[in-house]
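One letter stands for each residue in the lines below.
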Amino acid sequence: MPNADVVVVGGGIIGTPVALELQRRGYAVIIVEPDAIGAGTAGGSAGYIAWDDIFPIPNPSVVADLPRMLLDKRGSLVIRPSYLPHMAGWGLRFLAAARPSQVQHAMAALVSLKRFADEALFDLARHAGAQRYLVRETVFHVCRTSKTLQQAVRDLEIVSRAGITGEVINGSQLLASEPALGQGLAGAIAIANAVRCTNPGAFGASLAQHFIAHDGMTHTARATTIESDTNGWLVRTGVPGETLRAGRVVLAAGVWSRPILAALGYRIPLESARGYHLMLPDPGIMPQRILRFDLEHFVATPMEEGLRLAGTVEFAGVNAPPSNYRADMLFDIARDYLPALNRNGAVRWMGHRPSLPDSLPIIAQLRRHPGIVVATGHERRGLTECGITARCVADLIEQKTPPVDLTPFGIERF
Ligand SMILES: Cc1cc2nc3c(=O)[nH]c(=O)nc-3n(C[C@H](O)[C@H](O)[C@H](O)COP(=O)(O)OP(=O)(O)OC[C@H]3O[C@@H](n4cnc5c(N)ncnc54)[C@H](O)[C@@H]3O)c2cc1C
């Protein structure tokens, strides 16, 4: 095995930017990844770089709505009945995180990351020559009813305090800007300065290509354990006897970080919040921008390969087969908003958002294992927060003070 200063376990949209940032700072880095290096789960994401998404999932209104949500098989958040017993611990922590004081705490933490995320993402993209995949635009949060519009206006007041600008537009203004939408919608919140990733898979692949072209090393394998060694750490893989040695390790294997952490003695409630997309290569119509449908919690994103409908949350573990109807239902709901939409050649996809019950990621140096840094749990914001996460992780590796106070993202909170 080649020698490296740092082994990065997991080459998804968090691990790959981390590896690039460390490489830029002069470290010899090897990524261990069983699949293609680059985007990971984010390759199937909605491509929404969501500066305004500062709301943790746990909050009092979600808790009040939970019984209805869980009973509705086509709801935006479901738990497979067979998986319910596995969710007890996560669920209790979720309820605790929904207390108003905790929601405020989580929002402040997300805002602190977002403050640097835009600049860090564009810097990463420029460094890797991938900025052509990032388009600045005004995103519409489309509201079907006046009740959802009122809620969206309240949310806008909150995000505007965090420096995000937006305005309310009525139904006819909405239709004038997006003629593919149907009649009778209440209006929208137009969020300025949002960013759309036009091809998240290609974006991640560009980062990987840059890493490899500048002597970045890769090893195709699934890491199983991280063990201490005389000069640092040993990363073992599924191949008997195969090990990678390095002074430092970054664990960024998404939801699959959990068993590796458990073997080190850290039991964290990391679950897969499974999400779906339906890719429409020939949608018949094409919006000008990302349309976010707040009521049903999904988005329609114009991409290089067509229109992508993406969203919804399903808890069923990492191994259960996909529920195809959840991808299909995105089309049914979207057609309520975009009546001329067609699904010729539609492709379904399911992916795993690494999700912690308080909606905050872990970006932390392991206290009991100095030299191992963990970066996971970015839930529905991994693409959005990858640049700033990479900077923070590299600073932790170098024992420098990161630009963001990482206290809320510590592993000790669990
Ligand atoms: C439907 C959907 C829509 C989304 N939309 C958006 C969006 O619009 N904007 C946004 O910001 N985010 C979005 N996300 C969230 C985003 O995709 C995730 O936050 C992000 O992918 C998490 O990145 P990660 O690198 O931590 O994990 P992953 O992307 O899952 O990457 C983990 C990597 O580790 C590898 N791995 C697994 N086990 C091992 C092992 N044992 N050893 C080594 N490597 C291993 C995996 O193969 C994978 O490549 C969306 C997610 C979904 C599902």
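Each remark here, short or long, concerns the structure printed above.
Okay, so let's go over this structure. Computed from a predicted structure; not experimentally measured. (Residues numbered from 1 in each chain as written. Predicted model: local features only at pLDDT ≥ 70, side-chain atom pairs only at ≥ 80, totals over all residues. Heavy atoms only, no water.)

In this section: the overall build of the protein. Secondary structure assignment for the protein yields 10 helices and 19 strands. In summary, the protein has a C-alpha radius of gyration of 21 Å against a globular reference of 22 Å for 414 residues, a match within 12%. Viewed in the frame of its principal axes, the protein has a C-alpha envelope of about 70 × 45 × 40 Å. Looking at the protein alone, contacts between residues at least 24 apart form 75% of all its contacts between residues at least 6 apart. Accessible area for the protein stands at about 16,700 Å²; split by element, carbon and sulfur atoms hold 53% of it. Here the protein contributes 40 positive and 37 negative side-chain charges, whose respective centroids are spaced 4 Å apart. (Helix = DSSP H or I, 4+ residues; strand = E, 2+ residues; numbered from the N terminus. Rg over C-alpha atoms; globule rule 2.2 N^0.38 Å. Contact = heavy atoms within 4.5 Å. Areas by Shrake-Rupley, 256 points an atom, 1.4 Å probe, with all protein chains shown as cover. Lys, Arg positive; Asp, Glu negative; His and termini not counted. Charge placed at Lys NZ, Arg CZ, Asp CG, Glu CD.)

Further remarks concern the site of the ligand. The immediate surroundings of the ligand are formed by 36 residues, with Glu33, Thr41, Tyr48, Glu379 and Thr384 found nearest. In the environment of the ligand, a nitrogen atom lies 2.8 Å from a nitrogen or oxygen atom belonging to the backbone of Ala223. Gly382 places a main-chain nitrogen or oxygen 2.9 Å from an oxygen atom of the ligand. Relative to its unbound accessible surface of 1,000 Å², the ligand loses 96% to contact with the protein. When contributions to the shell around the ligand are tallied by element, the ones reaching two or more residues are strand S13 (271–280), strand S17 (347–355) and helix H10 (382–397). Examining the composition of the shell around the ligand, we find that four residues originate from one element, S17, more than from any other. Taken together, the residues of the shell around the ligand break down into 17 nonpolar, 12 polar and seven charged. (Near = heavy atom within 4 Å. Polar contact = N/O pair within 3.5 Å; in protein donor to acceptor, adjacent residues only side chain to side chain. Nonpolar A, V, L, I, M, F, W, Y, C, P; charged D, E, K, R; others polar.)

Structurally, Thr237 can be placed in strand S10 (residues 232–237). With relative accessibility at 6%, the residue Thr237 sits in the buried group. A polar side-chain atom of Thr237 sits 2.5 Å from a polar atom in the side chain of Glu242. The residues contacting Thr237, other than those within four sequence positions of it, are His219, Ala221, Arg222, Ala223, Thr224, Glu242 and Leu244. (Buried < 20%, exposed > 50% of the residue type's maximum accessible area, 1.4 Å probe, protein only.)

Another aspect to go through is the sheet that holds strand S19 (residues 372–376). The strand order S8-S2-S1-S12-S19-S18 describes an open sheet built from six strands, whose pairing is mixed. Two strands bound the open sheet, and with one partner strand each, they are strand S8 (217–219) and strand S18 (362–365). Taken over all neighbouring pairs, the strand axes of this sheet differ in orientation by 15 degrees on average, direction set aside. (Pairing = 2+ DSSP bridges. Axes fitted to C-alpha atoms, helices over the stretch in contact; angles between N-to-C directions.)

On to the sheet that holds strand S11 (residues 243–246), then. Taken together, three strands build an open sheet; the order of strands is S9-S10-S11 and the sheet is antiparallel. With partners counted over all chains shown, the strands left at the sheet margins are strand S9 (223–229) and S11, one partner each. Each adjacent strand pair in this sheet contributes to an overall mean axis angle of 20 degrees, direction not counted. Summarising the sheet, S10 and S11 pair through four bridges and their orientation is antiparallel. From the neighbouring strand, Val235 faces S11, where its bridge partner is Leu244.

Turning our attention to helix H1 (residues 15–24). Counting buried positions along H1 yields nine of 10 residues, so the element is predominantly enclosed. Of the residues making up H1, those classed as buried are Gly15, Thr16, Pro17, Val18, Ala19, Leu20, Glu21, Leu22 and Gln23.

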